[in-house]
Amino acid sequence: MQLPKLFRLRQTFHRPLVADIPGEVDSQLAKLELSKKVKPGETVAITAGSRGIANIKEIIKAIVDHLKEIGAKPYIVPAMGSHGGGTAEGQLGVLASYGITPEYCGCELRASMETIIVCQAKEGFPVHFDKHASEADHVVVCGRVKAHTDFTGEIQSGLMKMMLIGLGKHNGAKVYHKAIMDNTFTQIVQSVAREVLSQCNILCGLAIIENGYDETGHIISVPADQIEQREPELLRLANSLLPKLPFDEADLLIVDEIGKNISGAGMDTNIVGRKFNDHAATGDEKPRIKRIALRGLTEETHGNASGIGMSEFCLTRLVDEMDRNITNINSVTSGHVTAAMIPIHYDTDREILENALVTIGLRPPHEARVMWIPHTLAIDEIVCSEAFLAEAKSRDELEVLFEPLEIPLDENGMLPPVTKWRP
């Protein structure tokens, strides 16, 4: 089969950047005058989630340091539903992979899957809250605000969701995802978060917003009583910085890695156009990509391959890398069971290309519109097929880095990591 030639391009995104992470965290928390609410010697639990957030260990450590300065006794709790295999040890392992350890942060990490029942939500289900967090005098909710991979609305992934799925642990996540199937996401988030805010000693939130280069764009402190009011504003800011693939239509998207540290869905559905349907863009959703091929898992995902089911093709090595138990637990808990379904898989990239490109319609394979990315958090530089070259050269925000070359398949029919391919 004659395969398309490929070239590399660079995109330009708006790039707000926090240069001094510890200084900005300290400054933001200082605005809240927490010493007026926290007495010397009181304990403060700090949430640390499972996402691969830029500078997360530095941010968490800076929160710890600020609280120590005002005389508090901070400790960190893993705030994640079923990740890490739904075990305390697994969740500590997730945090350690990000560098969040007692030695680095200078305080205890207290991990348990045990929860307390705070109350019954008005919809008739129990509200769960992490046991170790419940024992603290105060709780600081730290998390990234961004568009959710499944749900829409004014509140999506952010501080309020952290109070549900994160601090609710596996017990809460199972209940809340079921409730979301019978109600709207917004209703359940608001219902549970309001109970947590009123009854669980939430001190404040620290919102992280990233730019299109997977860098810390903003760190914003929010008083507890303003979290619900501020979340829509923070989401709008995050959405204004959300990067996009350079082209709205493609026959094949090749993704080197998926993982829970990249996105809750393994790959960000807002980037690949699979938010509402696992295998096709719907309505006016963009981009519209006919086929997705996956090549591997990130090390940080610890075998959790949730999201593999949104692709049509993958390498057999990815299937072999899967921890099926961890993947199944996560996908069943979230209610997104198709996310764990295994696509057609082949031993080599050549086999994927030759089979995928005969399923795209009448367009000849050598003229196929192909994009190739490392993962959905890194799309500032991507590799594209020659079919996109003329448009790429016509757009000011795109820079062609080299002219089209033959696909770099080695003697075994394998591609290199896209980040390492240079002429």
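Residues numbered from 1 in each chain as written. Predicted model: local features only at pLDDT ≥ 70, side-chain atom pairs only at ≥ 80, totals over all residues. Heavy atoms only, no water.

The protein chain appears in an unreviewed UniProt entry as LarA-like N-terminal domain-containing protein from Blastopirellula retiformator.

As for the overall build of the protein chain
Summing up its helical and strand segments, the protein chain has 14 helices and 16 strands in all. A globule of 423 residues ought to have a C-alpha radius of gyration of about 22 Å, and the protein chain, at 22 Å, matches this closely. Considering only C-alpha atoms, the protein chain reaches an extent of 70 × 40 × 40 Å along its principal axes. For the protein chain, buried positions account for 60% of its 423 residues. Residue pairs at least 24 apart in sequence account for 74% of intrachain contacts in the protein chain once pairs closer than 6 positions are excluded. (Helix = DSSP H or I, 4+ residues; strand = E, 2+ residues; numbered from the N terminus. Rg over C-alpha atoms; globule rule 2.2 N^0.38 Å. Buried < 20%, exposed > 50% of the residue type's maximum accessible area, 1.4 Å probe, protein only. Contact = heavy atoms within 4.5 Å.)

Quick word on the layout of surface pockets
Size it by volume and the largest pocket reaches roughly 750 Å³. Around the largest pocket, the lining is made up of 40 residues, and of these Arg51, His148, Lys161, Ile165 and Gly264 lie nearest the centre. Elements supplying a minimum of two residues to the lining of the largest pocket: β7 (138–144), α6 (159–166), α7 (169–182) and α12 (324–334). Here the residues of the lining of the largest pocket are counted per class, giving 13 nonpolar, 21 polar and 6 charged. (1 Å grid on protein atoms, 1.4 Å probe; cavity = no way out; pocket = protein on both sides within 12 Å on 5 of 7 lines; lining within 4 Å. Points joined across faces, edges and corners; volume = space filled by probe spheres on them. Nonpolar A, V, L, I, M, F, W, Y, C, P; charged D, E, K, R; others polar.)

Some remarks on the domain arrangement of the protein chain
Split by domain assignment, the protein chain resolves into domain 1 (6–13 + 244–420) and domain 2 (32–241). Placing a centre on the C-alpha atoms of domain 1 and another on those of domain 2 gives a separation of 30 Å. The interface is formed by 25 residues belonging to domain 1 together with 27 residues belonging to domain 2. With both chains or domains summed, domain 1 and domain 2 bury close to 2100 Å², and 53% of this area falls on carbon and sulfur atoms. The three residues of domain 1 that bury the most area against domain 2 are Lys275, Thr333 and Leu377, which together make up 27% of that side's buried surface. Counting across the interface, domain 1 meets domain 2 through 1 salt bridge. Measuring nitrogen to oxygen at the nearest pair gives 3.1 Å for the salt bridge that ties Lys146 to Asp268. For the pair domain 1 and domain 2, the interface holds 9 residue pairs in polar contact (both at pLDDT 80 or more). For the side of domain 1 that touches domain 2, the secondary-structure elements that each account for two or more residues are α10 (269–272) and α12. (Domains from an automatic or database assignment. Buried area = accessible area lost by both parts, 1.4 Å probe. Salt bridge = Lys/Arg side-chain N within 4 Å of Asp/Glu carboxyl O. Polar contact = N/O pair within 3.5 Å; in protein donor to acceptor, adjacent residues only side chain to side chain.)

So, unusual backbone geometry
With an omega of 5°, the peptide bond running from Lys286 to Pro287 counts as cis. With respect to the element layout, Pro287 can be found in the loop between α10 and β11 (288–294). You will see that Asn55, though not glycine, has its phi angle at about 60°, which is positive. Its place among the elements puts Asn55 in the loop between β2 (43–48) and α2 (56–69).

Considering α6
Most of α6 sits inside the fold, with 8 of its 8 residues counted as buried. The complete set of buried residues in α6 reads Leu159, Met160, Lys161, Met162, Met163, Leu164, Ile165 and Gly166.

Here we look at helix α8 (residues 185–199)
The end-to-end C-alpha distance of α8 is 21 Å, a good match for the 21 Å that 15 residues give at a rise of 1.5 Å each. Taken together, the buried positions of α8 are occupied by Phe185, Ile188, Val189, Ser191, Val192, Ala193 and Val196. Where α8 ends, the next residue or the one after it, Asn201, has phi of about 55°, a positive value. (Expected span 1.5 Å × (residues − 1).)

Quick look at the packing of aromatic side chains
For the coordinates displayed, the defined rule picks out 5 aromatic pairs. Ring centres 5.9 Å apart and planes at 65° place the aromatic pair Phe125 and Tyr176 in the edge-to-face group. One end of the pair, Phe125, is in the loop between β5 (115–120) and β6 (126–130); the other, Tyr176, is in helix α7, and 51 residues separate them in sequence. Here Phe125 falls in the buried class, since its relative accessible area comes to 8%. Judged by relative accessible area, Tyr176 falls into the buried class, the value being 0%. (Phe/Tyr/Trp six-rings, centres within 6.5 Å; stacked < 30°, edge-to-face > 60°.)

Focus on a negative patch on the surface
On the surface, Glu257, Glu299, Glu300, Asp320, Glu321, Asp347 and Glu351 cluster together into a negatively charged patch. Take Glu351: it is sitting in helix α13 (residues 349–356). (Patch = residues over 30% accessible without salt bridge, like charges linked within 9 Å, V, L, I, M, F, W, Y side chains within 5 Å. Areas by Shrake-Rupley, 256 points an atom, 1.4 Å probe, with all protein chains shown as cover. Lys, Arg positive; Asp, Glu negative; His and termini not counted. Charge placed at Lys NZ, Arg CZ, Asp CG, Glu CD.)

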